[in-house]
Amino acid sequence: MLTGDILIGSLIAMVEPAINTVAYFFHEKIWARRQRNARTATETLSQTQPHTC
């Protein structure tokens, strides 16, 4: 209905999930790297800070 052509609409319906799958894969890799970097930065910061009781 979006394109007015059943062939193009079907093609979009098949290609779109494949693109989303690839995009999700890379999104998760980037997210994991950012989390790992943030955790490393926090650990490094806590090691350089003097501990006060």
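Analysis parameters
Residues numbered from 1 in each chain as written. Predicted model: local features only at pLDDT ≥ 70, side-chain atom pairs only at ≥ 80, totals over all residues. Heavy atoms only, no water. Helix = DSSP H or I, 4+ residues; strand = E, 2+ residues; numbered from the N terminus. Buried < 20%, exposed > 50% of the residue type's maximum accessible area, 1.4 Å probe, protein only. Patch = residues over 30% accessible without salt bridge, like charges linked within 9 Å, V, L, I, M, F, W, Y side chains within 5 Å. Areas by Shrake-Rupley, 256 points an atom, 1.4 Å probe, with all protein chains shown as cover. Salt bridge = Lys/Arg side-chain N within 4 Å of Asp/Glu carboxyl O. Lys, Arg positive; Asp, Glu negative; His and termini not counted. Charge placed at Lys NZ, Arg CZ, Asp CG, Glu CD. Contact = heavy atoms within 4.5 Å. Phe/Tyr/Trp six-rings, centres within 6.5 Å; stacked < 30°, edge-to-face > 60°.

Trainee: How do you make sense of the overall build of the protein when you look at a structure like this?
Mentor: Secondary structure assignment for the protein yields one helix and zero strands. Counting every position in the protein, which comprises 53 residues, the buried fraction comes to 0%.

Trainee: Help me understand a nonpolar patch on the surface in this model?
Mentor: Together, L11, M14, V15 and I19 make up an exposed nonpolar region whose accessible area comes to about 390 Å². Considering the arrangement of structural elements, one finds M14 in helix 1 (residues 6–48).

Trainee: Hey, could you run me through a positive patch on the surface in this one?
Mentor: On the surface, a cluster of positive charge is contributed by K29, R33, R36 and R39. Tracing the sequence through the fold places R36 in helix 1.

Trainee: Explain the environment of T3 to me, please; I cannot follow it from the model alone.
Mentor: Tracing the backbone through its elements, the reader meets T3 in the segment before helix 1. Leave out the neighbours within four places in its chain, and T3 touches I8, G9 and I12.

Trainee: What exactly am I supposed to notice about the packing of aromatic side chains here?
Mentor: Here the distance between the centres and the angle between the planes together describe a pair of aromatic rings. In this structure the tally under the stated criterion is one aromatic pair. Relative to F26, the ring of F25 has its centre 5.2 Å away and its plane inclined at 75°; by these criteria the two rings are edge-to-face. On the basis of relative accessibility, which here comes to 47%, the residue F25 falls in the partly exposed class. Residue classification places F26 among the partly exposed positions, given a relative accessible area of 47%.

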